[in-house]
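The primary structure of each chain is shown beneath.
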Amino acid sequence: MNLKPYREALALPGLRSLLLVSVLARVPLTATGVTLTFYVVLDLGRGYGAAGLVGAAITVGAAIGGPLLGRLVDRRGLRPVLVLTAVAEAAFWSTAPTLPYPVLLPAAFLAGSLALPIFSVIRQSIAALVPPERRRPAYALDSMSVELSFMVGPALAVAGVTAISARTTLYLVGAGIVAAGVAFWVLNPPTRAGGEPAGPQLRVPRRSWLTPRLLAVLAVSAAGMLVLGGTDVAVVAVLRESGDVGWTGAVLAVWAVASLAGGFAYGAVTRSFPPLALMAALSLCTIPVGLGGAHWWLLCLALIPAGALCAPTIAATSDAVSRLVPAAVRGEAMGLHGSAVTVGMAVGAPLAGAVIDASAPAWGFAVTGAVGALVALAVLPIELRRRRTAAARTPAPELAPAAPAPAS
């Protein structure tokens, strides 16, 4: 496999340190959902529905606050936003273990709206550090770091709750998030490229950059994460029905490793793939996964094709957003991308759960995959229109001058 794209990307100043810090910074962020769930259920004595409401409050807050924080980064720079959000995170996580449930719910929404914007900042910084022709391997590395964080973060949270307590683990997660904010404040990665104007700029009207093409990419992002969120729930349900629930960790690990392998291959190939095509393939490969539910190892095999498309889909959508907007609004656009990802994941899990409760676990894969495929069909006309427009603007090659007629 060709490793030259990765070597060229990692040789760029600042990218290697950004990716290294991003892996460590995302770990506590990926542990928040599991930790809060255990805290609400074990320490507050509430049900999983109540715990789900706290998670939903953070999710809704993050979906609303993400673009606003991105806009603030565009106008004021990164460090003021990091200070604001790190202080808000410190306030929430230091008090959350002492709050009664009726107060915890609105506090979670406020904390979500002022959550540390690590995911969107990293993607914005990659666009600033990496020229467009090298962004595909850079975003592939970013998507693989996301997979690693989600493999480590929740597992550490469960270990902390089991070995210590949910309340203490909340404090530790909060400390990790604040430490991530401090690390990014010290690193201070650029949000504008060297040739792009820095500092406050004239306001760019949204109608000039929030185009149907960008909205299509955001819809693809949300649909892809909906499929992944539904798959997560459906895997647990299928294994529980077949009596193989003890193999859940192994199955999810195979799924994650397939995603890492797919992300690595996506960044190494020379050809670029549209986000729509990757998300459509992901959805179609997810629909039949439930057929492998009779045995855990069959489910592992069935998940590999869809798993291999997870990281490439995330990377392709991030890359597309970075190319479709001017630098002056890149933070807000990446915030919108983060909101689309958050909403998609938040909708996918309960959708699959409702389908599973009403029918059978295998239908969790089929329905969420079908929803992703329907979104792909809905977005397809926009993509086809864009390609026709691009083809019409491409000048036709000039005809070669005709050869002179031979002398008679």
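Relevant structure appears above.
Note that this is a predicted model, so its numbers are computed, not measured. Residue positions are counted from 1 within each chain, in the order its sequence is given. Local features in this predicted model are restricted to residues of pLDDT 70 or higher, and side-chain atom pairs are both shown and tallied only at a pLDDT of 80 or more, whereas totals for entire chains, interfaces and linings draw on every residue. Only hydrogens and water are set aside; all other atoms, that is, all heavy atoms of the structure, feed into the side-chain values.

> Help me get a handle on the packing of aromatic side chains, residues and values and all.
Two numbers describe a pair of aromatic rings. These are the distance of the centres and the angle of the planes. Aromatic contacts are taken between Phe, Tyr and Trp rings whose centres are within 6.5 Å, Trp giving its six-membered ring; a plane angle under 30 degrees counts as stacked, one over 60 as edge-to-face, and the others as tilted. Under the definition given, this model contains 3 aromatic pairs. Arranged with centres 4.9 Å apart and planes meeting at 10 degrees, the rings of Y6 and F264 form a pair that is stacked. Taken together, the residues Y6 in helix α1 (residues 4–10) and F264 in helix α12 (residues 248–268) connect sequence positions 258 residues apart. Burial here depends on accessible area, computed with a 1.4 Å probe over protein chains only, as a share of the maximum for the residue type. Under 20% is buried, over 50% is exposed, and the range in between is partly exposed. Since its relative accessible area comes to 5%, Y6 is described here as buried. Judged by relative accessible area, which is 31%, F264 ranks as partly exposed. Their ring planes at 5 degrees and their centres at 4.0 Å tell us that W247 and W296 sit as a pair that is stacked. Taken as a pair, W247 in the loop between α11 (212–242) and α12 and W296 in helix α14 (residues 296–307) lie far apart in primary sequence, 49 residues in all. Labels follow the DSSP assignment, with helices taken as runs of H or I lasting at least four residues and strands as runs of E lasting at least two, numbered in each case from the N terminus.

> How would you summarise the pattern of salt bridges if you had to cite specific residues and measurements?
By definition here, a salt bridge exists when the distance from a side-chain nitrogen of Lys or Arg to a carboxyl oxygen of Asp or Glu is within 4 Å. Summed over all chains, the structure comprises 7 salt bridges. Close ionic contact of R26 with D142 constitutes a salt bridge, the shortest N to O distance being 2.8 Å. You can see R26 sitting in helix α2 (residues 15–30) and its partner D142 sitting in helix α8 (residues 135–163), a full 116 residues away along the chain. Exposure class is identical for R26 and D142. Each is buried. The salt bridge partner of D43 is R167, with a shortest N-O separation of 3.7 Å.

> Residues and numbers for helix α7 (residues 118–129), please.
To estimate the expected span of a helix, count its residues, drop one, and scale the result by 1.5 Å. Relative to the 16 Å expected for 12 residues at 1.5 Å per residue, α7 spans 16 Å between its end C-alpha atoms, a close match to the ideal helical length. Burial within α7 is extensive, with 11 of its 12 residues counted as buried.

> Explain empty space enclosed by the protein to me, and be specific about the residues and the numbers.
The method works on a 1 Å grid over the protein atoms by themselves. A cavity is a set of points holding a 1.4 Å probe that cannot get out, a pocket is an open set with protein on both sides within 12 Å along at least five of seven lines, and residues with an atom within 4 Å of a point line them. Grid points are joined across faces, edges and corners, and a volume is the space filled by probe spheres set on the points. Summed over all chains, the structure comprises 3 cavities of 30 Å³ or more. Computed from the structure, the largest cavity encloses a volume of approximately 60 Å³. Taken together, S221, G224, M225, L228, L282, C310, T313, I314, T317 and V341 make up the lining of the largest cavity. Of all the elements in the fold, those that place two or more residues in the lining of the largest cavity are α11 and α15 (310–324). Under this grouping Gly is polar, as are all residues other than the nonpolar Ala, Val, Leu, Ile, Met, Phe, Trp, Tyr, Cys and Pro and the charged Asp, Glu, Lys and Arg. Here the residues of the lining of the largest cavity are counted per class, giving 6 nonpolar, 4 polar and no charged.

> Residues and numbers for the packing of helix α3 (residues 32–43) against helix α4 (residues 48–76), please.
Any two packed helices are characterised by the angle at which their axes cross and by the distance between the axes. Comment: axis = line fitted to C-alpha atoms, over the contacting stretch for helices; angle = value between 0 and 180 degrees taken between N-to-C directions. Relative orientation of the contacting elements α3 and α4 amounts to 140 degrees, with a least axis distance of 8 Å. In this structure, α3 meets α4 at a crossing whose hand is right-handed. Between α3, through L36, T37, V40 and V41, and α4, the contact on the second element is made entirely by Y48, A50, A51, V54 and I58. If you view the pair so one helix is near and one far, a crossing is left-handed when the near helix is turned anticlockwise from the far one by less than a right angle, and right-handed when it is turned clockwise. Residue contacts are counted whenever heavy atoms from the two residues lie within 4.5 Å of one another.

> Give a description of the side chain of R123 that names residues and reports values.
Among the secondary structure elements, R123 is positioned in helix α7. A relative accessible area of 6% means that R123 is categorised as buried. Within the structure, R123 has its side chain in polar contact with the side chain of D142 (distance 3.3 Å). We define a polar contact as two N or O atoms separated by no more than 3.5 Å, with the added condition that, inside protein, one atom must be a possible hydrogen donor and the other a possible acceptor, whereas residues neighbouring each other in sequence contribute only through side-chain atom pairs.

> Quick one: what's the story with the environment of T59, residue by residue and with numbers?
Relative to the helices and strands, T59 is located in helix α4. What makes T59 partly exposed here is its relative accessible area of 22%. Through-space distance from the C-alpha of T59 to that of S113 is 8.5 Å; in sequence the pair is 54 residues apart.

> Run through a nonpolar patch on the surface, naming residues and quoting values.
A surface patch of nonpolar side chains, about 460 Å² in accessible area, is lined by V60, I64, L68, F109 and L110. At the level of secondary structure, the elements contributing two or more residues to the nonpolar patch comprise α4 and α6 (101–113). With respect to the element layout, L110 can be found in helix α6. Exposure above 30% relative accessible area and the lack of any salt bridge qualify a residue for a patch; like charges then connect within 9 Å, and the nonpolar side chains Val, Leu, Ile, Met, Phe, Trp and Tyr within 5 Å. Computed with a 1.4 Å probe, the accessible areas rest on the Shrake-Rupley method; for each residue, only the protein chains presented here act as cover.

> Give a detailed account of unusual backbone geometry, specifying residues and quantitative values.
Despite not being glycine, N188 has its phi angle at roughly 50 degrees, a positive value. The class of N188 is partly exposed, set by a relative accessible area of 33%.

> Tell me about α6, residues and numbers included.
Compared with the 18 Å implied by 1.5 Å per residue over 13 residues, the 19 Å span of α6 between its first and last C-alpha is a close match. What α6 keeps buried is the set Y101, L104, A107, A108, A111, G112 and S113. Residues of α6 that are buried make contact with α3, α4 and α5 (78–95).

Keep in mind these values describe shape, not function.
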